[in-house]
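# An overview of the molecular structure
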Amino acid sequence: MNTVYTTTYESPFGTLLIGDYEEQLCLLDWKYRARRLQVDERVCHFLSAKYVHQSTPLHQHTIQQLEEYFNKKRNNFDIPLLLAGSEFQQKVWQQLLQVPYGKTISYLELSRQLGDEKAIRAVASANGANAISIVVPCHRIIGSKGELTGYAGGLPAKKKLLQLEGVQQQQELFA
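Residues numbered from 1 in each chain as written. Predicted model: local features only at pLDDT ≥ 70, side-chain atom pairs only at ≥ 80, totals over all residues. Heavy atoms only, no water.

To keep things clear, this is the line we draw: UniProt positions are given in the numbering used here, feature names are shortened, and annotations may be inferred rather than shown by experiment.
The name given to the protein in an unreviewed UniProt entry is Methylated-DNA--protein-cysteine methyltransferase, and the organism recorded there is Terrimonas rubra. As its UniProt record puts it under Function (unreviewed entry), the protein is described as follows: "Involved in the cellular defense against the biological effects of O6-methylguanine (O6-MeG) and O4-methylthymine (O4-MeT) in DNA. Repairs the methylated nucleobase in DNA by stoichiometrically transferring the methyl group to a cysteine residue in the enzyme. This is a suicide reaction: the enzyme is irreversibly inactivated." According to its UniProt record, the protein has this under Sequence similarities (unreviewed entry): "Belongs to the MGMT family."

### Structural notes on the UniProt feature "active site" (unreviewed entry) in the protein
How we decide: The secondary structure listing takes helices from DSSP runs of H or I that are at least 4 residues long and strands from runs of E that are at least 2 residues long, numbered from the N terminus. In this description, contact between two residues means that some pair of their heavy atoms is separated by no more than 4.5 Å.
UniProt's entry tags Cys138 with the feature "active site" (unreviewed entry), counted in the numbering of this structure. Positionally, Cys138 belongs in the loop between helix 5 (120–128) and strand 6 (141–142). Not counting residues within four places of it along the chain, the set of residues in contact with Cys138 comprises Leu96, Asn127, Asn130, Ser133, Tyr151 and Lys158.

### Here we look at the pattern of salt bridges
We count it as follows: Every case where a carboxyl oxygen of Asp or Glu lies within 4 Å of a side-chain nitrogen of Lys or Arg is listed as a salt bridge.
Scanning the model with the defined rule gives 6 salt bridges in all. Residues joined by salt bridges that share partners form a network here, namely Asp29, Arg33, Arg36 and Asp40.

### A word on the packing of aromatic side chains
Selection rule: Each pair of aromatic rings taken from Phe, Tyr and Trp, with Trp reduced to its six-membered ring, is defined by centres within 6.5 Å and is described as stacked if the planes are under 30 degrees apart, edge-to-face if over 60, and tilted in the remaining cases. Only protein chains enter the accessibility calculation, which uses a 1.4 Å probe; a residue whose area is less than 20% of its type maximum is buried, one above 50% is exposed, and one in between is partly exposed.
In this structure the tally under the stated criterion is 5 aromatic pairs. On the basis of an interplanar angle of 70 degrees and a centroid distance of 5.4 Å, the ring pair of Tyr69 and Phe70 is categorised as edge-to-face. Summarising the burial analysis for this pair, Tyr69 and Phe70 share the class buried. Cluster of aromatic residues (ring-pair linked, three or more members): Phe13, Tyr69, Phe70, Phe77 and Tyr101.

Below you can see the structure in the form of structure tokens.
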């Protein structure tokens, strides 16, 4: 059995669970999200691993970069990633990595970028299954009319992340 070393980090917007698998970030997720168990089961199954709570140098490196991000001193992350999911999920998450800091796109636009706007529900589902929040910026995906929709960390955290990044959206986004 392989090991994912985990630790927690108290971010300004909520508690994050950080997972290190062989010096790659495989988990950076909201500790109290609705689908915590499903995400953990998927990551462990994908990696044939179990969680062990133990701090690692990668955790400290990740926390340092997160703190720089939260203090507006970092726009991009350079942490080695291991995306634990299906081929389709990984394709969606790779596309999320292309959405620039301070910008948003709709679920429909994300689906179009992936080559099939009819796959919008599957794309939205994969976006919601992202286990590496903030670094894989699923918070930058919004509704077609500019509205905030679903986020594992909760809509208040999504709103704060977008505000931190200086996103200027339609009035209802920040109402």
